[in-house]
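As a plain string of letters, each chain reads:
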Amino acid sequence: MTQIMIVDDERNIRQGLQVMIEREFPAHYQYIHARHGQEALDQMINTAIDIVITDIRMPVMDGVQFLEQMRGLKTLAVQPYVIVLSGYDDFEYAKAAIRYQVSEYLLKPIRREDLFDALRRLEEELQKRDHVSRSLAEVEQYRLQKDQEQLQSLLYADPLELTALSEQIDGLRLPEHYVIGVFQYKNKEGILIDQQELTVLMKRLCAGMNIQCTAQLYDKEDRLVWIIPATELHHLEHLAEIAAQREVEGLLIGISEQGSQLQSIAEHYQEACQALHYGFLHPGIHLIHYRVVEQTYTTWSIPEEEIRLLGNTLGSDRDPEIEQRLYQIFRIHELIYLPIVYIEQVAQCINEQVLDEIFRHYGEASVEVLRLYRRVGNLNHYRYFQDYFRDLENVLICLDDYIRQLRIIHTEPQHLKEAVQFIHAHYDRPLNMAIVSNHVSLNYSYFSEAFKAYTGESFVIYLKKVRIAKAKLLLTESSYRLNEISQQVGFESSRHFSKVFRELEGITPQEYRSKMNVRSLI
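1. Structural notes on the packing of helix α11 (residues 304-313) against helix α12 (residues 319-329)
And then number 1: Taken N-terminus to C-terminus, the directions of α11 and α12 make an angle of 165 degrees; their axes are 10 Å apart at the nearest point. It follows from the interaxial angle that α11 and α12 lie roughly antiparallel. When you trace α11 past α12, the crossing you get is left-handed. Between α11 and α12, the residues in contact are E306, I307, L309, L310 and T313 and E321, I322, R325, L326, Q328 and I329, respectively.
And then number 2: By residue class, the composition of the contact of α11 with α12 is six nonpolar, two polar and three charged.

2. Some details on the pattern of salt bridges
And then number 1: Applying the stated rule across the entire model yields 22 salt bridges.
And then number 2: With its nearest N and O atoms 2.5 Å apart, the salt bridge here joins E24 to R120. One end of the pair, E24, is in helix α1 (residues 11-24); the other, R120, is in helix α5 (residues 112-156), and 96 residues separate them in sequence.
And then number 3: The closest approach of N and O atoms between D387 and R390, which form a salt bridge, is 3.2 Å. Taken together, the positions of D387 and R390, both in helix α15 (residues 385-411) and three residues apart, correspond to about one turn of that helix.
And then number 4: The exposure class of R390 is partly exposed, given its relative accessible area of 46%.
And then number 5: Through salt bridges with shared partners, a single ionic network connects E306, R318, E321 and R325.

3. Structural notes on the packing of aromatic side chains
And then number 1: Here the structure, examined in full by the defined rule, presents 21 aromatic pairs.
And then number 2: Ring geometry for Y327 and F389: centres 5.4 Å apart, planes at 85 degrees, overall edge-to-face. Separated by 62 residues along the polypeptide, Y327 in helix α12 and F389 in helix α15 bring together distant segments of the chain.
And then number 3: Ring centres of F330 and Y388 lie 6.0 Å apart, and the angle between their planes is 80 degrees; this geometry places the pair in the edge-to-face category. Linking F330 in the loop between α12 and α13 (340-362) with Y388 in helix α15, this pair joins segments that are 58 residues apart in sequence. Grouping residues by exposure puts F330 and Y388 together as buried.
And then number 4: Each residue in the set F280, Y327, F330, Y382, F385, Y388 and F389 is aromatic and connected to the rest through ring pairs, giving one cluster.
And then number 5: One residue, R375, lies across the ring of Y382, its end atom 4.3 Å from the ring centre.

Definitions and cut-offs
Residues numbered from 1 in each chain as written. Predicted model: local features only at pLDDT ≥ 70, side-chain atom pairs only at ≥ 80, totals over all residues. Heavy atoms only, no water. Axes fitted to C-alpha atoms, helices over the stretch in contact; angles between N-to-C directions. Helix = DSSP H or I, 4+ residues; strand = E, 2+ residues; numbered from the N terminus. Parallel < 35°, antiparallel > 145°, perpendicular 65-115°, else oblique. Left-handed = near helix turned anticlockwise from the far one by under 90°. Contact = heavy atoms within 4.5 Å. Nonpolar A, V, L, I, M, F, W, Y, C, P; charged D, E, K, R; others polar. Salt bridge = Lys/Arg side-chain N within 4 Å of Asp/Glu carboxyl O. Buried < 20%, exposed > 50% of the residue type's maximum accessible area, 1.4 Å probe, protein only. Phe/Tyr/Trp six-rings, centres within 6.5 Å; stacked < 30°, edge-to-face > 60°. Lys NZ or Arg CZ within 6 Å of the ring centre and 35° of its normal.

See the structure below:
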């Protein structure tokens, strides 16, 4: 949909113009209003505008100043077409209109036919421009795709292949000393944003910076890769500072060591990727050098005994001990010196030997605990280690409480006896597991597992059987109609009642009544 911005300091005029245009071009335009030039410029930063209709005389920033600054905006991908509305037939305004490439200059009072004709002409121009842009974009996209594929091959190639591959790429001339930077952005859910979103983000952050980039491409993981002269490294450090100032959390830049040979590109790319990986341990830091990786421990072992003891602790109501063991297992006091592979293997070990075992033995917990359980099962779901650690600790504390409650219920089943009595006393009312578990003051998830263990059946099946048993008595001993019986035993409709009856008894309620009546006559 074509975006029109109407700029005028009088609200009635803005609204009047919109109504006039909508009547002639229904559902064709999307409208944005601005009271003066400065407000229009502010909105253009985040919104692509196709056509601007602007007044000349306005407070704060008039139409001429607005046009001057708009034409100078380098952040605009495409300059909008402009229609100027003016109550002044002045040569100076006309000169300004020419200077700032105004498409139409209409004098007030506006004749609607003139405005509509101007919009139709601009629509034709927009269509032509879009067609040309698409054609150029297709050609450029093809060229970029080929370059991307060839550059990617350099990043993943063996050293022996690099020389031959480099000769296929036109214009790639490495500086005497270069570094490779790999960029990624993860949202709060730990999901990498796609190429398009990352491109837009980088354009905004790099606005006004003159970074000499030898080559840029996206790797197979949709991360942005820059090959830049080593002398340009300070620009990347400045870029990281800008990201911190603007609180662009989740943006991370991994920097390789300096390289000087074409044959080393793949090696330095891997260095940058490893540095990027270590950003997981450094929240709030937007740039990581490979030398951080080189400072990590080279020998380590998985604390299997500590992990076993952690699993044994669950259900003992010792939350501080759980937290203490986690700190020991992940060696929090020396975390930044640990290799990422240590964190990954410890996390996998906890998943398999603690979390998975608990769910296999005790069954499913609450929906919220299950959600966290699935989330902590993969480190890639997290932007930073601290987020993972916090969720893991929450899961373990919840499971500790869950196991403890289940043990209490199994050793002291009074609550479950009371629940069964409540069902038999109130089967004719709208019942669900939440109502019954609340009545006996038990957590919903604990109640679900404990009830099944106590009765041998799930809550839903048990309630159905109680209701159908009561219905069978009414079918035999009364002359109530089916819809009356279904209501008396708690079903919402006779149709649902009949369906459940047949599901449990194998015959319909009518067939059951007929069968029992025949027996009574014999």
